[in-house]
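# Chain and residue survey
These are the residues of each chain, in order.
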Amino acid sequence: MISEKSIFPAKKKGQLYYQVWHGVLPLKKIERDAASNLDQMYLNEAKRDGKNTDYMLAGNDFTEQIYENSFWFSGKVLRYGTPSLDGIIGAPRNKIAKDTKRQLGLSDTTKKVSFLLSDVP
């Protein structure tokens, strides 16, 4: 079985890992809530992924609570919007980018790389 969690490269020292879920409202059981129905290999990968995750992005209180309770994750949930809807509802991207850089101590000219993988077929 190959899951999106099994193909991530090792996290390097000083590297930040943002977990960006594609769903707007996670209405199904996920990760910890569905553990009894998931393959052990997937569970191991999910737990490892949770330990590596520094931040998760959420767009509302409901999603934030799901993230805090349903993942093996102890980082911080950032309320910066929902990636799948931001382009539709017009989230203030420049403000989000500037705020994120400021929080991370980065200059406005610092370049970043994002690896945004969806489900593997």
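Below is a short write-up of the structure.

Calculation criteria
Counting starts from 1 at the beginning of each chain's written sequence and moves along it residue by residue. Reporting of local features is limited, given that this is a predicted model, to residues whose pLDDT is at least 70; pairs of side-chain atoms are given and counted only at 80 or more, and all residues count toward the totals for whole chains, interfaces and linings. With hydrogens and water excluded, all non-hydrogen atoms of the structure serve as input to the side-chain values. Numbered from the N terminus, helices here are DSSP runs of H or I no shorter than four residues, and strands are runs of E no shorter than two. Residue exposure (1.4 Å probe, protein chains only): buried if accessible area is under 20% of the type maximum, exposed if over 50%, otherwise partly exposed. When checking whether two residues touch, look at their non-hydrogen atoms; a contact exists if any pair is within 4.5 Å. By definition, a salt bridge exists where a carboxyl oxygen of Asp or Glu is found within 4 Å of a side-chain nitrogen of Lys or Arg. When two rings of Phe, Tyr or Trp (its six-membered ring) have centres within 6.5 Å they constitute a pair, described as stacked for plane angles under 30 degrees, edge-to-face for angles over 60, and tilted for the intermediate range. Two strands form a pair only when DSSP identifies at least two bridges running between them.

### Some details on the overall build of the protein
Secondary structure assignment for the protein yields four helices and three strands. Scanning the protein from its N terminus toward the C terminus, one meets helices and strands in the order β-α-β-α-β-α-α. Relative to its full complement of 121 residues, the protein shows a buried share of 31%. Long-range pairs, those at least 24 residues apart, make up 60% of the contacts in the protein with a sequence separation of at least 6.

### Here's the deal with the pattern of salt bridges
Summed over the entire model, instances satisfying the criterion amount to three salt bridges. A salt bridge links Arg-79 to Glu-64; the shortest N-O distance between them is 3.1 Å. Residue Arg-79 is found in the loop between β3 (76-78) and α3 (83-89), and its partner Glu-64 is found in helix α2 (residues 61-70); the two are separated by 15 residues along the sequence. Here Arg-79 falls in the partly exposed class, since its relative accessible area comes to 41%.

### As for the packing of aromatic side chains
To describe a pair of aromatic rings, you give the distance between the ring centres and the angle between the ring planes. Going through the model one piece at a time under the given rule, you end up with two aromatic pairs. Centroid distance Tyr-18 to Tyr-55: 5.1 Å. Interplanar angle 25°. Geometry classified as stacked. Placement of the pair is Tyr-18 in strand β1 (residues 18-19) and Tyr-55 in strand β2 (residues 55-57), with a sequence separation of 37 residues. Judged by relative accessible area, Tyr-18 falls into the partly exposed class, the value being 27%. Arranged with centres 5.7 Å apart and planes meeting at 75°, the rings of Tyr-67 and Phe-71 form a pair that is edge-to-face. Residue class for Tyr-67 comes out buried when judged on its relative accessible area of 2%.

### So, the sheet that holds β2
Read across the open sheet, the three strands follow the order β1-β2-β3; overall the sheet is parallel. A strand with exactly one partner marks an edge of an open sheet, and here the two such strands are β1 and β3. When β1 meets β2, the two strands line up parallel, connected through two bridges. Bridged to Tyr-18 within β2 is Tyr-55.

### A word on unusual backbone geometry
Within the chain, Glu-31 stands out as a residue other than glycine whose phi angle is a positive 45°. Among the structural elements, Glu-31 can be located in the loop between β1 and α1 (40-52).

Worth remembering: the numbers are spatial, not functional.
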